[in-house]
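# Geometric and topological summary
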Amino acid sequence: MAKQSYILHVRCGDGALGSVPVLVTRKRVKNLNLRVRRDNTVVASVPWRCSQARAQEFLDAHAEWIASALSRRAIRDAVRDTGADNAGQDGSASEARVGSYALWGQEIRCEDGHTISADELDRLRHRELEQALPQVVERMEPLVGTHATSWQLRAMSSRWGSCTPTRGSIRINVRLAAYPPACLEYVVAHELAHLIEPSHNARFHAVVARAIPDEAQVRARLRQPPLGR
């Protein structure tokens, strides 16, 4: 009898996630189903007669959905775990305030009983990235081997970074300032590499590896909350 559960991997390039393991379980179901659990693990259920090859084909076809779901969860975790997960359904921040937050992978506590709101925290991280980004770009561009025409900082809800290769423009999520500096370096290198290779093929990863040899480790760190598990 075929194994009831097994692990497959799907390459999810968007969102700097890389190869993601998926727990596939054979069940009495008619269709192939896919979901992301609260702990950010990806699971799939398939009919008993579904082959591993067919399951892999299904996962590969949904790689973009997996990447998007994991990126949204990671960023929501980053916001929640640093006290800023107070966004309403319309995306606007509430007035809730917290007494501590994450900055560059370290917990910062407000002094004298002061608190900070989600909007104030985004502005703080924006200022931090404004100071840190130029030096990171200066180091990463020669290593990657290309130059961006413009850089923008945004509070994004589903991506750590994005780019427009035809224009050479790159956008970076201000909430990266919650994570260790290596995460910012990786996302900068990742987006720069897209100016050379838009897809997430072997050439793309070879370009990233020139600047970030331990990219798999940094990708894994981005899947965790800012202060770790």
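The notes below deal with the structure included here. (Residues numbered from 1 in each chain as written. Predicted model: local features only at pLDDT ≥ 70, side-chain atom pairs only at ≥ 80, totals over all residues. Heavy atoms only, no water.)

### Observations concerning the sheet that holds strand β9 (residues 150-154)
- Strand order in the open sheet made by the 3 strands is β9-β11-β10, with mixed pairing throughout. Either end of the sheet is taken by a strand with one partner, and the two such strands are β9 and β10 (161-164). When the angles between neighbouring strand axes are averaged without regard to direction, this sheet yields 20°.
- By the bridge criterion, 4 bridges tie β10 to strand β11 (residues 169-173) in an arrangement that is antiparallel. In the sheet register, C163 faces β11, and the bridge partner there is I170.
- Across the sheet, helix α3 (residues 118-144) touches β9 and β11, and the angle it forms with β9 is around 145°.
- Lying over the sheet, helix α4 (residues 181-196) contacts β9, β10 and β11, oriented at roughly 20° with respect to β10. (Pairing = 2+ DSSP bridges. Helix = DSSP H or I, 4+ residues; strand = E, 2+ residues; numbered from the N terminus. Axes fitted to C-alpha atoms, helices over the stretch in contact; angles between N-to-C directions. Contact = heavy atoms within 4.5 Å.)

### Topic: the packing of aromatic side chains
- For the coordinates displayed, the defined rule picks out 1 aromatic pair.
- Ring centres of W160 and Y179 lie 5.3 Å apart, and the angle between their planes is 75°; on these two criteria the pair is classed as edge-to-face. With a gap of 19 residues between them, W160 in the loop between β9 and β10 and Y179 in the loop between β11 and α4 connect regions that are remote in the sequence. (Phe/Tyr/Trp six-rings, centres within 6.5 Å; stacked < 30°, edge-to-face > 60°.)

### Some remarks on the pattern of salt bridges
- In total, this model carries 6 salt bridges according to the counting rule given.
- A salt bridge links E107 to R109; the nearest nitrogen and oxygen atoms lie 3.3 Å apart.
- Judged by relative accessible area, E107 falls into the partly exposed class, the value being 40%.
- We classify R109 as exposed; its relative accessible area is 60%.
- Between E185 and R139 there is a salt bridge; the shortest N-O distance is 2.5 Å. Residue E185 is located in helix α4, and its partner R139 is located in helix α3; the two are separated by 46 residues in the primary sequence. (Salt bridge = Lys/Arg side-chain N within 4 Å of Asp/Glu carboxyl O. Buried < 20%, exposed > 50% of the residue type's maximum accessible area, 1.4 Å probe, protein only.)

### Observations regarding helix α6 (residues 215-222)
- Among all positions of α6, only E215, V218, R219, R221 and L222 are buried. For α6, the angular spread of the buried residues around the axis is 160°, confining them to a single face. (Arc of directions from axis to C-beta.)

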